[in-house]
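Below are the chains, spelled out letter by letter.
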Amino acid sequence: MRVFALSDIHVDYTVNARWVENLSTIDYQDDLLILAGDVSDSLTRIEQCLRAFVRRFAKVLFVPGNHDLWVMRSPAAATSLGKFGDICAAAEMVGVSMSTFRRGPLSVVPLLSWYDFSFGPPSEHLRQIWMDFVACRWPADWEPSDITTYFLGLNNHTHAPADGMTISFSHFLPRVDLMPTFIPPEYRTLYPVLGSVRLDEQIRAIGSTLHVYGHSHVNRRVTIDGVTYVNNAFAYPHEDHLSSRSLLCLHEM
C-alpha cells in the first residue's frame, strides 16, 4: 500500500474536476489517499468528488476545509455546523473515512481544525475581504477561537505505537513558519486565518512524524523539530506556478 496526499482540489473549476475524472481507475487500487480539504462549497460536488476517489483508491481519508463549510448558497437557516454534519454523513455514505486508519505499524490520523488568530491579529481589511466571515454561519456568540476549540475537541488523541509510524493530516496549518520567506508582504496579511498553534500541539501529542496540511496553496516540504510537514495543494487553475497539480506519494509499505 502506498500513501498519497492531495488537498485543495476545488472541483468547482471544470479543469480540476476533469483531472479527478481522468485519474486512473487501475493504478491506485491498493493505495490510500489523504484528501486534506477544500473540495467544493457544493455538497453535491463534494459527494461526487469523494465517490470518484473511492472508485480509484482502496481507502480515502478526508477532512473538510473552510470552503467545504460555506453555506452562502444554502437556505438561510443552514449553518456551517449543520453543513459539517452533512459532509460527515455524505463521506460515510460513499465509503470515505474521517477516522484513524491503521494497518500494521502505520497509523494515518485525520485532524479537524480551524484558525484562531494565534498566527497574528487580523486587520480590519482582512475581516472585510475574507469570505469565511460571510460565507460561513456559526452560533452567534462564537469567535474563530471557539470554532477551533470545537473541531480540535472532536479529534482522536490516541498515541502512536512506539514502534510504528504516524502520519497526521489537517486542512489548516499547524504553525505559521510553514509559510516560506518568499511570500510577499501584502499576502502575509492572510496569516491570521491560516491555522492554529493548538493544532501543532495535537500533532506532537499523538507522536506524528509526518503531517500533511493544505489551505495555503503553497506547496512545500519542511522538517521542524522532528516533524516533517508536507503541503500538496492542487489549487486554483491560475496557481499552477505554486503547485505540482499531481498526487504526492508520502509512504510505501
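Going by the structure above, here's the rest.
Structural notes, computed from the coordinates.

Definitions and limits used
Position numbers for residues start from 1 in each chain and track the written sequence from start to end. For a predicted model such as this one, the threshold for reporting local features is a pLDDT of at least 70, and the threshold for listing and counting side-chain atom pairs is 80 or more; totals across whole chains, interfaces and linings nevertheless cover every residue. As a convention, hydrogens and water are excluded, and side-chain values are obtained from all of the structure's heavy atoms. Runs of E in the DSSP output that reach at least two residues are strands. Runs of H or I that reach at least four are helices, and both are numbered from the N terminus. Only protein chains enter the area calculation, which uses a 1.4 Å probe; residues under 20% of their type maximum are buried, those over 50% are exposed, and those in between are partly exposed. Note that His is not counted, nor are the chain ends; the positive residues are Lys and Arg, and the negative ones are Asp and Glu. For this analysis, a salt bridge means a side-chain nitrogen from Lys or Arg found within 4 Å of a carboxyl oxygen belonging to Asp or Glu. As used in this structure description, the phrase polar contact means that two N or O atoms lie within 3.5 Å; if the pair is within protein, one of them must be able to donate a hydrogen and the other to accept it, and residues adjacent in sequence are counted only when both atoms belong to side chains. By definition, residues are in contact when any of their heavy atoms lie within 4.5 Å. By nonpolar core is meant a set of buried Ala, Val, Leu, Ile, Met, Phe, Trp, Tyr and Cys residues that side-chain atoms within 4.5 Å join together. One bridge is not enough; two strands pair if DSSP finds at least two bridges between them. Every axis in this analysis is a line fitted to C-alpha atoms, fitted for helices over the stretch in contact. Angles between the N-to-C directions lie between 0 and 180 degrees. Our angle categories are set so that under 35 degrees counts as roughly parallel, over 145 as roughly antiparallel, 65 to 115 as roughly perpendicular, and the remainder as oblique. Helix crossings are classified by the rotation of the near helix relative to the far one: an anticlockwise turn of less than a right angle makes the crossing left-handed, while a clockwise turn makes it right-handed. Each residue gets one label: Ala, Val, Leu, Ile, Met, Phe, Trp, Tyr, Cys and Pro are nonpolar, Asp, Glu, Lys and Arg are charged, and the others, such as Gly, are polar.

**Here's the deal with the side chain of aspartate 8**
- Relative to the helices and strands, aspartate 8 resides in the loop between strand S1 (2-6) and helix H1 (14-22).
- Nearest to the buried, unbridged aspartate 8 among oppositely charged side chains is arginine 245, at 11 Å.
- Only 2.6 Å separates the side chain of aspartate 8 from the side chain of serine 7, close enough to count as a polar contact.
- In terms of polar contacts, aspartate 8 uses its side chain to reach the side chain of histidine 217, at 3.3 Å.
- Ignoring any residue separated from it by four or fewer positions in sequence, one finds aspartate 8 in contact with Gly37, Asp38, His171, Gly214, His215, His217, Ala233, Phe234 and Ala235.

**Things to note about the nonpolar core**
- Judged by nonpolar contacts, the single largest core of 58 residues is most densely connected at Ile34 and Phe53.
- At five residues, the largest contribution of residues to this core is made by helix H2 (residues 43-54).
- Dropping the residues within four chain positions of it, isoleucine 34 is found in contact with Val3, Phe4, Ala5, Leu6, Leu61, Val108, Ile167, Phe169, Val212 and Leu250.
- Grouped together as the second largest cluster of nonpolar side chains are 19 residues, Leu173, Leu178, Tyr191 and Val222 included.

**Here's the deal with the sheet that holds strand S10 (residues 248-252)**
- Pairing is mixed across the open sheet formed by four strands, whose spatial order is S3-S2-S1-S10. Two strands bound the open sheet, and with one partner strand each, they are strand S3 (59-62) and S10. On average, adjacent strands in this sheet sit at an angle of 20 degrees to one another, irrespective of strand direction.
- One ladder, built from four bridges, connects S1 with S10; its direction is antiparallel. Paired with phenylalanine 4 across the strands is cysteine 249, a residue of S10.

**Side note on the environment of glutamine 202**
- With respect to the helices and strands, glutamine 202 occurs in helix H7 (residues 197-205).
- Considered as a pair, glutamine 202 and tyrosine 115 are 87 residues apart in the sequence and their alpha carbons are 14 Å apart.

**Digging into the packing of H1 against H2**
- Between H1 and H2, whose axes approach to 9 Å, the crossing angle comes to 25 degrees. Compared by their axis directions, H1 and H2 come out roughly parallel. Remark: the crossing between H1 and H2 carries left-handed chirality. Judged by residue contacts, Trp19, Val20 and Glu21 of H1 engage Cys49, Ala52 and Phe53 from H2.
- A breakdown of the residues in the contact of H1 with H2 according to their chemical character gives five nonpolar, no polar and one charged.

By themselves these figures say nothing about function.
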